[in-house]
Amino acid sequence: MSCWETIADYGLRSLGIGERLLPRSDFTLCQQVVLIGSGMIWNIYFGVLALVTGFALATAVAVGKAQSNPLIRKPSEWFIFLFRGSPLFIQFFFAYFAFLSLKSAYPFFDPFTSAWLGATIVLFLNTAAYSGEIFYGALLSVPKGDTEAADAYGFSGWRKFRRITWPTMLRLAWPAYTNEAIFLFHATALVFVSGFPARQQKGDALYYASYFADKTFNPFVPYPILAGYFILLTLVVISIFGVVNRRLNRHLPQERRTRPRFRAATLMR
Amino acid sequence: MKLHLATAAAALTLAASAVSAQDVIRMGTEGAYPPYNFINDAGEVDGFEIELGNELCARAELECEWVTNEWDSIIPNLVSSNYDTIMAGMSITDERDEVIDFTQDYYPPTESAYVAASEDADWETGVVAAQATTIQAAHVAEGDAALLEFATPEETVAAVRNGEADAVFADYDFLKPVVESSGGELVFVGEPVPLGGGIGMGLRESDAELKDTFDEAITAMKEDGTLNEMLVKWFGDEIGQY
Amino acid sequence: MMPACTDPDALEGLAWLACYLTTGKHMAFYTSFGTVLLLLAITAPAALAFGFGGAVMARSRIAPVSWIGRTYIAIVRGVPDIAFFLFFVIALDQAFEWLRHQAKCPDWDQPIRQGNDFVVCAEAKLPLSTAPQWVHETYGFALAVLTFAIVFGAFAANVLYGAMRAVPRAQIETAEAYGMTERQTFRRILVPQMWVYALPGLSNLWMVLIKATPLLFLLGVRDIVYWARELGGTKTPQFTDYPHGDWRMWYFLALLVFYLAFTKVSEVVLARIMARLTKGQATAGGEAQRKAAA
């Protein structure tokens, strides 16, 4: 079987399209590369969805934590503490458990025990907490001059936040947020390791990598392939975030643009 | 501090390494698959395979020590010489036999069975849970049922209890005590499926001598009936005997 | 085990629970908390050392050295730690044994790779197969520490690299003006000052490290997650004196509390260290402290 046929058969196997049965003997390098790559679809799906939805909640939580009203501040603080203070591993376990009990009471929760929804929710909450803390830190570092200038221009309330505070916060938080995005994509590899079961051998990249490691009894081929895919993914994430970063900083004079770079390190999760 | 002392002592042992005492045979097991092997209340490995392994070592006059390892990496760690044998309820299959060697079986060819929460559960085309990367998972994947894979055997049974799966497919002898102690909540459904070629002790292919030693001991135990006694002790009277 | 626990079937309520919670298996569970703390205590400085080395290499003016440092940071940071753990420990173990084999058994005539097998001479085995069990366990633990240190060292290197660049240029220039050599500037000016910039990043890293410890069981160390899963699983009466249903939730709840408490304590301690480090530094934080004191 040529490698092209393998791609046709297994390229979308992780979504249930193509060959129904996984290869069972005479494993080729091509099969491993294709199937592990197919599993990456799920890692990207989890990562992108959690990142996009988590961004909105993170902003809300960060603003909430910066409020003086304890009714808003306390829940935000607790949310961040709970999700930043416990291992993702344990969060997956409890989420699966909770969704199971909810499911037995309300049919609405039926899809929640599937990884595509349940794990996405956990990752969404997790990244919202981590990014929320990063944004909160950035919110506190927004230069006083910026907000004073906004006041002077007659900006207030929502407009001031939308036009002045928020963009500055993002600019300050961006390098650390990039790191968070990298961590989030890495965390997607944990989905099928703990808690959520794989249905009909549709799993993420790590699922297929461990399938091959188990079948060939040789961990030194599939896991480095997996590592290679993740390095590529990390590079893509870094470059996309780099483009956004340049956009966020485009109004600054050239020599100041490099300034926030050190924050990349300091605010890393 | 204790560990520092320990490391220092280890360094000393290494330095004096040439003194070759009787080699200790390290026996790898999983410790999570009763009654084959499990961790008892005292926190030590226990079970059919532990008792058998100790007896085999005694007969072969070898000094043996038990090591537990995750199921997923149990073969890679054997071939990289982190222990010398595997006794972990491992069925003799062609795929495994290509990579490691097996002694003759010390447990007759196994049957796997379906367990469900009710007699009329759909184990043929419904959702069937199995432990990931086992021969049972491979069997379900080939059939018409939708396979649901969990990392541990515990979770596969839990999936039936909480309704995530219609049935669980696993070794009959693993399921039997589970069904018996469930008080009627769980029942066997369908016919048992013969899978695998019996359970044997796994060894490195380069360890032919050790394999012969254990093979001899197993033959002896089969002949004098001690293996049968042990099988009945751990698996009950219905168990196939030699 | 307490003498009163000889017949658990006859016990009820609290007495049963007391006996149950003091079985040898539970003792192993409690000890594993110590294992995790010990791992953290050794790994943190080790990772810092790797990080320092990586950062210094990445800064080097000698191109190949800088290249090695950067590659180390980029590659290890790019790979999920779990993927790394799944093959790296075996690779590390084989690498050590191979080196020892080369040194100790020069006249070994058989190949090391025999088909699938990796076989070195008996003297090169790590640990020796004659070594007692605790040596094997210590060795396994040491490998886990090393793996953690290499992974988190890459992240620490990234933080320290950033922190070294953050030390104000004027500080370095002043040192040069005083006639300090490059080495002196590095040791007396750059390194002491970089910590205040590195600490927020390092404390975050510490938090991540704490939360990565559940992966220990993948490295073959019997850690708290291993025991929680083992103890919490359904126990049938045939194999234990203390049969019970699926209690994993309670054990995982205990782990959750442990991790939350540990994180909280760490946050408090790190905040204090930060306050101390900030003292007298030319940063916004230092300025705020001065104002508060005045």
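- As annotated in an unreviewed UniProt entry, chain A is Amino acid transport permease from Roseivivax marinus.
- Turning to chain A, the UniProt annotation filed under Sequence similarities (unreviewed entry) states: "Belongs to the binding-protein-dependent transport system permease family. HisMQ subfamily."

Things to note about the overall build of chain B
So, step 1. Across its full length, chain B carries nine helices and 13 strands.
So, step 2. Principal-axis analysis of the C-alpha atoms gives chain B an extent of 65 × 50 × 35 Å.
So, step 3. Relative to its full complement of 242 residues, chain B shows a buried share of 59%.
So, step 4. Partitioning the intrachain contacts of chain B with sequence separation of at least 6 by distance along the chain shows that 69% fall at a separation of at least 24.
So, step 5. Carbon and sulfur atoms provide 51% of the accessible area of chain B, an area that totals close to 9,500 Å².
So, step 6. For chain B, the centre of its 10 positive side-chain charges and the centre of its 48 negative side-chain charges are spaced 8 Å apart.

Let's talk about the interface of chain C and chain B
Many analyses report the size of an interface as the accessible area lost when the parts associate.
So, step 1. With 44 residues of chain C in contact, the opposing surface of chain B contributes 48 residues.
So, step 2. Here chain C packs against chain B, burying approximately 3,700 Å² in sum over the two surfaces, 52% of which is carbon and sulfur.
So, step 3. The partner of Glu155(B) in a salt bridge is Arg248(C), with the nearest N and O atoms 4.0 Å apart.
So, step 4. Counting only elements with at least two residues in the side of chain C that touches chain B, the list comes to helix H2 (24-59), helix H4 (81-104), strand S2 (117-118), helix H5 (133-166) and helix H8 (224-232) of chain C.

Digging into the sheet that holds strand S12 (residues 187-194) of chain B
So, step 1. Pairing is mixed across the open sheet formed by six strands, whose spatial order is S1(A)-S10(B)-S9(B)-S11(B)-S8(B)-S12(B). This sheet does not close on itself; its edge strands, each paired only once, are strand S1 (198-199) of chain A together with S12 of chain B.
So, step 2. Here strand S9 (residues 127-131) of chain B runs beside strand S11 (residues 167-171) of chain B; their pairing, made up of two bridges, is parallel. Paired with Ala129(B) across the bridge in S11(B) is Val168(B).

Section: the UniProt feature "transmembrane region" (unreviewed entry) in chain A
Residue and element names in this part refer to chain A.
So, step 1. The UniProt record marks residues 44-66, 78-102, 114-136, 181-200 and 220-244 with the feature "transmembrane region" (unreviewed entry), using the residue numbering of this structure.
So, step 2. Secondary structure within residues 181-200 divides into 35% helix and 10% strand; the distance between the first and last C-alpha atoms comes to 29 Å.
So, step 3. In this annotation, residues 220-244 is assigned 92% helix and 0% strand; the end-to-end C-alpha distance for the span is 37 Å.

So, helix H9 (residues 226-235) of chain B
Residues and elements named next belong to chain B.
So, step 1. When H9 is considered as a whole, its buried residues turn out to be Leu 227, Asn 228, Met 230, Leu 231, Trp 234 and Phe 235. All buried residues of H9 project into a common sector of 160 degrees when viewed along the axis, lining one side. When the buried face of H9 is taken as reference, the exposed residues oriented beyond 90 degrees from it are Glu 229 and Lys 233.
So, step 2. Contacts made by the buried residues of H9 are with strand S3 (37-39), strand S4 (45-46), helix H2 (48-59), strand S7 (101-107), helix H7 (172-180) and helix H8 (208-223).
So, step 3. Looking one or two places after H9, you find Gly 236, whose phi comes out positive at around 90 degrees.

Topic: unusual backbone geometry
So, step 1. A cis geometry characterises the amide bond from Pro34(B) onward to Pro35(B), with omega recorded as 0 degrees.
So, step 2. Relative to the helices and strands, Pro35(B) resides in the loop between strand S2 (32-33) and S3.
So, step 3. The phi torsion at Phe217(A) lies on the positive side, around 60 degrees, for a residue other than glycine.
So, step 4. Note on placement: Phe217(A) falls in the loop between helix H8 (205-216) and helix H9 (222-248).
So, step 5. In this structure Phe217(A) comes out as buried when scored by relative accessible area, which is 10%.

What to know about the packing of H9(A) against H4(C)
So, step 1. With their axes 9 Å apart at the nearest point, H9(A) and H4(C) run at an angle of 150 degrees to one another. The pairing of H9(A) with H4(C) is recorded here as roughly antiparallel in orientation. Crossing angle aside, the handedness with which H9(A) passes H4(C) is left-handed. Here Tyr223(A), Pro224(A) and Leu226(A) of H9(A) come into contact with H4(C), specifically with Ala83(C), Leu86(C) and Phe87(C).

Section: the sheet that holds strand S5 (residues 63-68) of chain B
All names here are of chain B.
So, step 1. Pairing within the open sheet is mixed, and its five strands lie in the order S5-S1-S6-S13-S7. One side of each edge strand has no neighbouring strand; the edge strands of this open sheet are S5 and S7.
So, step 2. Relative to S5, strand S1 (residues 24-29) runs parallel, the two sharing six bridges. Counted as the bridge partner of Val 24 is Glu 63 from S5.

Rules and cut-offs
Residues numbered from 1 in each chain as written. Chains lettered and ligands numbered in written order. Predicted model: local features only at pLDDT ≥ 70, side-chain atom pairs only at ≥ 80, totals over all residues. Heavy atoms only, no water. UniProt positions renumbered as here; feature names shortened; annotations may be inferred. Helix = DSSP H or I, 4+ residues; strand = E, 2+ residues; numbered from the N terminus. Buried < 20%, exposed > 50% of the residue type's maximum accessible area, 1.4 Å probe, protein only. Contact = heavy atoms within 4.5 Å. Areas by Shrake-Rupley, 256 points an atom, 1.4 Å probe, with all protein chains shown as cover. Lys, Arg positive; Asp, Glu negative; His and termini not counted. Charge placed at Lys NZ, Arg CZ, Asp CG, Glu CD. Buried area = accessible area lost by both parts, 1.4 Å probe. Salt bridge = Lys/Arg side-chain N within 4 Å of Asp/Glu carboxyl O. Pairing = 2+ DSSP bridges. Arc of directions from axis to C-beta. Axes fitted to C-alpha atoms, helices over the stretch in contact; angles between N-to-C directions. Parallel < 35°, antiparallel > 145°, perpendicular 65-115°, else oblique. Left-handed = near helix turned anticlockwise from the far one by under 90°.

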